[in-house]
Every structure is written in C-alpha cells, then in structure tokens.
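Commentary on secondary and tertiary structure
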Amino acid sequence: MTAIVDGPSGALERSLARLDVAADAAEVLGLPSDEVRAVLAEARDRLGFPSDVYVLALVGGTGVGKSSLLNALAGSAVSPASVRRPTTSEPIAWVPRAARDELAGLLAWLEVGDVREHDQSTLGSVAILDLPDMDSVATAHRARVEQVLPKVDAVAWITDPEKYHDAILYDAFLRTWLARLARQAIVLNKSDRLTADEVEQVRRDVVRDLREGLGGRGPGSRDGRDRVGIPVVAVSATAGPAGIREFADWLADGVKGKAIVRSRLAATVTAHAERLALAAGIDPDQPATPFLDPAARHAATEAVNAAVLRAIDLPALERQAVAATRAQARRRGTGPMGVLTSLVYRVSGREAQVADPDGFLVRWRERAPLAPAVEALRLALAGSLQAAAPAVRPALASTVEPARLRPSLEAAVDRAIARRERTLPSSRIWPVIGFLQTLATAATALSVAWIVLWVLAHPPVDSVQLPVLGLVPMPFVALVVSLLVGYVLARSLGLHAGWVGRRWAGRLRREITAAVEHEVAEHGLEPLDRLEAARRTLHEATRDVIAVRGDT
Ligand SMILES: Nc1nc2c(ncn2[C@@H]2O[C@H](COP(=O)(O)OP(=O)(O)O)[C@@H](O)[C@H]2O)c(=O)[nH]1
Ligand SMILES: [Mg+2]
C-alpha cells in the first residue's frame with residue numbers, strides 16, 4: 001500500500017494549494033474561513049495515510065438496519081443489531097485482515113477503536129464503518145457522526161420505508177454532504193416490506209426529494225444536477241446474501257480505493273471553494289467583477305479628489321505663494337528701506353503667517369477635515385454595498401470608515417505634497433531694481449541734506465518754474481524726483497513680484513492637483529483596493545479549484 005503523497009498530475013495538491021489561497025482571500029473579505037482551514041488540514045492528513053483501502057461509512061437513522069446490513073455483508077454478527085435502541089454508540093470498523101496494520105494510523109485518526117477484521121476478497125478494498133444513529137435521541141451519537149463524516153471517503157446513506165422521507169436526512173445531512181462526497185449511495189433497506197412496485201415508487205420519491213429538496217440549492221452545488229444523480233439501491237439486510245445483492249454490487253463496482261479517496265477530496269475541496277465563492281457573491285463561471293465597476297470607481301475617485309482638493313484649500317495656497325514671492329522680492333529688490341521693512345515683517349512673524357506656502361501645505365491636516373472626502377466615497381459605494389453579498393458587506397462598509405480611509409487619503413496627500421518642487425521663484429530683475437532703489441534712497445538723503453544746507457546757509461540754488469506751484473528751488477525738486485523714482489521702482493517691483501508669484505502659484509496648484517489626483521487614484525482607496533484584490537484572488541482561486549476537479 002502507498003500513501004497518497006502525490007497524484008499522477010498533482011492536480012489535487014494544486015487544488016488544495018488554491019483553496020488555501022481562497023481561504024486567505026475570504027478572510028480579507030471578512031468571511032469565516034475556519035471550516036475551510038479544517039477541511040484543508042483533514043484533506044492533507046488523509047493524503048498522508050494509506051489510500052489503497054478507502055473508508056465507507058454506513059450513515060442513517062435509528063433502526064434503519066445499518067448494523068444488520070454490515071452483518072449481512074459479513075455473513076456473521078459483526079455489529080450488534082437490535083430492536084432495542086440505540087445500539088451502536090461508537091463506530092465499529094470492519095476491515096480487511098491483510099490491511100489491518102497499515103490502516104492502524106488511519107483508524108486512529110478516525111478515532112475508531114472498535115475494529116473487526118475479515119478475509120472477504122469480493123468486497124474490494126474497503127473499510128466499512130458502522131456509525132451511531134444520526135437521528136438518535138442521544139445527541140452525542142449524532143455529534144459522533146458529524147465528527148467522523150469529514151474524514152470518511154464514501155458514504156452509504158441507509159434509510160428504510162418509514163424514514164426515507166425524513167427531513168433530517170435531507171436537511172441536516174444530504175444538503176451538506178452530497179456535494180462534498182464523490183462516492184455515495186442511498187440504500188433503501190427493509191425492501192422486503194414493500195412490493196416490487198412500491199420499491200420503484202420509493203426510488204422515484206427519493207430521486208424527486210433529492211431534486212426538489214436539494215437540486216440547485218445544495219450548499220456549494222451550483223447546478224445541483226450532477227449531485228442528485230447518486231444511485232438509490234434497494235436491499236433487505238435480513239434476507240441473506242440475495243437481499244443485499246444490489247448493495248454488494250455497488251460496493252464491488254470496480255472502483256479503486258485510491259481513486260475514491262482522491263475524488264472525495266476533490267469533491268470536498270470543490271464544494272468548499274464554491275461555498276466561499278457563493279458567500280462572497282462571486283460566480284466562478286462568470287468573468288470576475290469588482291465591487292465598484294470602472295465607471296463608478298472613476299466617478300468615486302473624482303468625487304474624493306475634488307473633496308480632498310477643497311480640503312487643502314488651493315486658493316489660499318495661491319495667496320500664500322504670491323505673498324511669499326512678494327516677500328522674497330522685497331528682500332532682494334527694495335534697497336535699504338525695504339530690507340528694513342522686510343526685517344520687521346519677518347521678526348514680527350507676520351510673514352510666516354501669510355507668506356509660507358510650504359508651511360501652509362505641511363499643516364494642511366490642521367485645517368482640512370477629510371470628512372467630505374470620506375463621505376464622497378461612502379456615497380459612491382452605497383450602491384455596491386447593497387448589491388454585495390451579505391457576508392462581505394461589513395468588510396466593504398468598513399473601507400469607508402473614516403478610521404480606515406482617512407489614513408490612506410492623508411498618506412496620499414502627504415506624498416503628493418512631498419513630491420512637489422520646493423524652491424521659491426526669484427528674478428534677476430529684482431537686484432537691479434534693488435540697486436536703483438538704493439540710488440533713489442541715496443538721492444533722497446542727499447536732497448534732504450541739500451535742503452537743510454539751503455535753509456541754514458542759503459547758498460545760491462537754481463529754481464525751476466513748475467505749473468501751479470510756480471518757482472520751486474532745486475533741492476525740493478531733487479527730493480520730489482527721488483521720492484517719485486523710489487515710488488515707481490517699488491510699484492514696479494510689487495507688480496512684477498505679483499506676476500511672478502501668481503505664475504508660480506498657478507504651477508504649484510496644478511502640481512498639487514495632479515499629484516493629489518494621482519495619489520488618490522493609486523493609493524487613496526487602498527482599503528477598498530485590498531478588498532477588490534481579495535475578491536479577484538478568490539475568484540481566480542475558486543475557478544482554478546473547480547477547473548482542476550476534472551483532472552483528479
Ligand atoms: N424486515 C426487516 N427488518 C430489518 C431489516 N434490516 C434490519 N431489520 C431490523 O431492524 C432493526 C434495527 O436494525 P439495526 O441493524 O440494529 O439498525 P441500526 O440501528 O440502523 O443499526 C432490527 O430489529 C433488525 O432486525 C430488513 O431488511 N428487513
Ligand atoms: Mg446499529
């Protein structure tokens with residue numbers, strides 16, 4: 001016997017790996033993944049045990065004849081059968097003697113302690129478990145069945161003319177297990193109590209119950225059709241070997257243990273992949289769709305962008321940029337008086353408040369509540385949220401929670417701000433104006449000195465005939481002209497600096513806008529993008545698992 005380390009194609013192992021990936025993605029989407037993880041662990045455990053012998057469980061309600069059926073197969077009383085209920089509280093395993101030792105590990109894993117051996121070669125390589133009653137009044141019995149079912153390779157669902165219609169068989173067991181098992185049969189026991197016609201009628205009823213009750217609705221069964229095609233065999237466990245012929249035939253149907261084990265694992269893995277996809281609202285048969293379709297995403301990004309840009313307050317940034325440029329011009333182009341006033345501005349802190357575009361940007365968080373940006377995305381997501389599968393809604397809703405979205409938007413804005421060029425604009429004209437302004441200031445000083453000299457010592461000076469004022473002495477004319485020139489120089493500097501500043505502010509605004517737009521589009525919706533990525537991964541992984549099933 002060999003352990004199933006790897007199949008010929010490794011397809012099953014690939015499926016398991018893809019289901020791992022699907023489980024991780026499901027977790028990101030807020031879906032519970034414990035069960036899938038347990039299934040994966042069980043599948044890997046099973047692959048580590050010998051596989052030439054597969055494990056078949058006899059599962060059914062109280063008194064349907066599970067133990068009797070096993071005894072009939074064995075031709076002796078392997079398992080106590082009785083009208084007194086319940087009889088079997090722990091599973092009994094009936095295994096080929098030759099395989100007993102190699103099955104020890106597998107039986108221990110199944111937690112079956114009561115093992116009986118047989119030498120029958122006609123049955124094929126099967127270890128049969130007689131399980132406790134699935135509908136027993138002792139709830140521990142049902143729990144034991146549910147505990148062992150994930151680990152068995154095949155199941156015979158035993159029922160009888162009284163119980164074949166019971167809801168518990170369909171709702172509590174078949175609904176879940178039909179899709180997860182590859183080899184299974186419904187065994188109608190006690191058929192000796194029915195006429196041949198009645199047996200056929202019950203067979204039809206069972207098929208109808210399966211189709212109507214579970215068809216298309218079984219968990220993970222996307223079409224349901226292939227799953228309801230399981231055989232319904234009619235037997236009589238108390239009528240000797242002839243009574244159980246149909247069941248013995250089904251058992252000996254020439255299927256190799258290894259194939260049964262692997263196809264069972266493939267069915268289980270597929271069923272769980274389908275279940276995850278269903279919970280996430282994904283149809284693996286269709287192309288992947290995002291939570292937010294491209295048009296809605298574009299609109300959302302635009303809305304978020306607009307809100308972020310409003311929060312940064314670009315008009316105020318422009319004013320700051322212009323003021324900073326002016327301050328720079330004042331320092332360099334106003335001559336000695338200007339240097340003095342600009343010093344006063346700087347020392348008084350006035351300049352830092354109104355002419356510091358860098359500081360204004362860096363401190364954007366203080367004045368920029370991003371609530372409107374968060375709200376814009378919330379609004380954009382509202383439709384997708386309603387359309388999303390209920391199980392992923394909480395995760396989707398959390399992407400627009402301020403606590404989640406705000407940090408990623410803030411980081412995006414910070415990156416956008418950090419990317420921008422920092423140098424304040426300057427102009428070669430300003431020092432020239434500054435030099436002329438120095439000359440004008442000197443001329444003013446000289447004129448004042450001249451006036452003082454003229455008043456005190458009355459040296460002879462020329463006068464100029466001016467309209468309206470009449471004859472004006474030269475010292476005064478010199479003073480007025482030098483002041484006028486200084487004023488014109490200051491005005492031109494102001495106008496030029498304003499023009500340079502506005503141009504720079506415009507560029508700065510465009511840079512910030514572009515950078516913010518880029519960052520918000522690429523990273524601002526990061527919490528949502530994580531979910532989108534998980535959804536894509538889940539889609540791809542479940543698709544792979546389902547596609548691989550055919551190859552195992
Ligand atoms: N008439 C009839 N009785 C059966 C048949 N199989 C089992 N019984 C009886 O049904 C009762 C319960 O059988 P048992 O094997 O203990 O059922 P279990 O609880 O499913 O293991 C016993 O009294 C059996 O003799 C059958 O095919 N025909
Ligand atoms: Mg029994």
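Residues numbered from 1 in each chain as written. Chains lettered and ligands numbered in written order. Predicted model: local features only at pLDDT ≥ 70, side-chain atom pairs only at ≥ 80, totals over all residues. Heavy atoms only, no water.

**Comments concerning the overall build of the protein**
Helix and strand counts for the protein come out as 23 helices and nine strands. The C-alpha atoms of the protein give 44 Å as radius of gyration, which overshoots the globular expectation for 552 residues (24 Å, by more than 25%). Among the 552 residues that make up the protein, the fraction classed as buried is 48%. A fraction of 80% describes how many contacts in the protein between residues 6 or more apart in sequence connect residues 24 or more apart. For the protein, the exposed area adds up to about 25,700 Å²; of that, 58% sits on carbon and sulfur atoms. Here the protein contributes 66 positive and 65 negative side-chain charges, whose respective centroids are spaced 9 Å apart. (Helix = DSSP H or I, 4+ residues; strand = E, 2+ residues; numbered from the N terminus. Rg over C-alpha atoms; globule rule 2.2 N^0.38 Å. Buried < 20%, exposed > 50% of the residue type's maximum accessible area, 1.4 Å probe, protein only. Contact = heavy atoms within 4.5 Å. Areas by Shrake-Rupley, 256 points an atom, 1.4 Å probe, with all protein chains shown as cover. Lys, Arg positive; Asp, Glu negative; His and termini not counted. Charge placed at Lys NZ, Arg CZ, Asp CG, Glu CD.)

**Let's talk about the nonpolar core**
Membership of the largest hydrophobic core comes to 98 residues, with the highest contact counts inside it found for Leu56, Phe247 and Val308. Not counting residues within four places of it along the chain, the set of residues in contact with Phe247 comprises Leu56, Leu58, Leu69, Leu73, Ala156, Val187, Val233 and Val235. Leu131, Met134, Ile186 and Val199 belong to the second largest nonpolar core, which has 43 residues in total. (Core = buried A, V, L, I, M, F, W, Y, C linked by side-chain atoms within 4.5 Å.)

**As for the sheet that holds strand S6 (residues 183-188)**
An order of S3-S2-S4-S1-S5-S6-S7 is seen for the seven strands of this open sheet, with the pairing classed as mixed. Single-partner strands in this sheet number two, and they are strand S3 (114-118) and strand S7 (232-234). Across this sheet, the average inter-strand angle for adjacent strands is 25°, counted without regard to direction. In terms of strand pairing, strand S1 (residues 54-60) meets strand S4 (residues 126-130) through five bridges, oriented parallel. (Pairing = 2+ DSSP bridges. Axes fitted to C-alpha atoms, helices over the stretch in contact; angles between N-to-C directions.)

**Comments concerning the packing of aromatic side chains**
Under the criterion given, the structure shown has four aromatic pairs. For the ring pair Trp454 and Phe476, a centre distance of 5.8 Å and an interplane angle of 85° mean the geometry is edge-to-face. Taken together, the residues span a long stretch of sequence, with Trp454 in helix H21 (residues 429-457) and Phe476 in helix H22 (residues 474-524) at a distance of 22 residues. Using a relative accessible area of 32% as the deciding quantity, one classes Phe476 as partly exposed. One Lys or Arg, Lys151, reaches over the ring of Trp109 and ends 4.9 Å from the middle of that ring. Above the plane of the ring of Phe291 lies Arg535, whose end atom (NZ or CZ) is 4.5 Å from the centre. (Phe/Tyr/Trp six-rings, centres within 6.5 Å; stacked < 30°, edge-to-face > 60°. Lys NZ or Arg CZ within 6 Å of the ring centre and 35° of its normal.)

**Here's the deal with a nonpolar patch on the surface**
On the surface, Val432, Phe435, Leu436 and Leu439 cluster together to form a nonpolar patch covering roughly 380 Å² of accessible area. Considering the arrangement of structural elements, one finds Phe435 in helix H21. Overall, Phe435 belongs to the exposed group, its relative accessible area being 53%. (Patch = residues over 30% accessible without salt bridge, like charges linked within 9 Å, V, L, I, M, F, W, Y side chains within 5 Å. Salt bridge = Lys/Arg side-chain N within 4 Å of Asp/Glu carboxyl O.)

**Overview of the confidence of the model for the protein**
In this model, the protein carries a mean pLDDT of 86, and residues with pLDDT of at least 70 account for 92%. Ranking the elements of the protein by mean pLDDT puts helix H8 (residues 225-228) last, at 46, and strand S5 (residues 154-159) first, at 96. Scored below 50 in pLDDT, residues 1-8 shows 27 contacts in the model against residues more than four places distant or in partner chains. This model gives residues 216-227 a pLDDT under 50, and the stretch forms 26 contacts once residues within four places in sequence are excluded. (pLDDT = per-residue confidence, 0-100.)

**So, the environment of Ala239**
Examined against the element boundaries, Ala239 turns out to sit in the loop between S7 and helix H9 (240-243). Looking at Ala239, the relative accessible area reads 42%, which means it is partly exposed. As a C-alpha pair, Ala239 and Ser191 span 48 residues in sequence and 9.8 Å in three-dimensional space.

**Let's talk about unusual backbone geometry**
In this structure, Asp313 is a non-glycine residue whose phi angle is positive, near 65°. For Asp313, a relative accessible area of 29% gives the class partly exposed.

**What about the pattern of salt bridges?**
The final tally for this structure, using the stated rule, is 30 salt bridges. Across the pair Asp205 and Arg208 runs a salt bridge, and its minimum N-O distance is 3.5 Å. Of the two residues, Asp205 and Arg208 both sit in helix H7 (residues 196-214), three residues apart, roughly one turn of that helix. Taking the relative accessible area as the measure of exposure, Asp205 reaches 12% and is therefore buried. A cluster of three or more residues bridged by salt bridges with shared partners is formed by Arg97, Arg100, Glu117 and Asp119.

**Focus on the packing of helix H5 (residues 139-148) against helix H6 (residues 167-177)**
It is the contact of H5 with H6, at a shortest axis distance of 13 Å, that shows an interaxial angle of 45°. Considering their axes alone, H5 and H6 lie oblique with respect to each other. From H5, Arg142, Val145 and Glu146 reach across to H6, where they touch Ile168, Ala172 and Phe173. Its residues assigned to classes, the contact of H5 with H6 comprises four nonpolar, no polar and two charged. (Parallel < 35°, antiparallel > 145°, perpendicular 65-115°, else oblique. Nonpolar A, V, L, I, M, F, W, Y, C, P; charged D, E, K, R; others polar.)

**Some thoughts on the domain arrangement of the protein**
Often, the extent of an interface is quoted as the loss of accessible area upon association of its parts. Splitting the protein by domain gives domain 1 (53-75 + 129-256) and domain 2 (294-524). Using C-alpha coordinates to define each centre, domain 1 is positioned 82 Å away from domain 2. (Domains from an automatic or database assignment.)

**Some words on the environment of Val432**
Mapped onto the secondary structure, Val432 falls in helix H21. The exposure class assigned to Val432 is partly exposed, which follows from its relative accessible area of 47%. C-alpha of Val432 to C-alpha of Arg332: the two residues are 100 residues apart in sequence and 9.1 Å apart in space.

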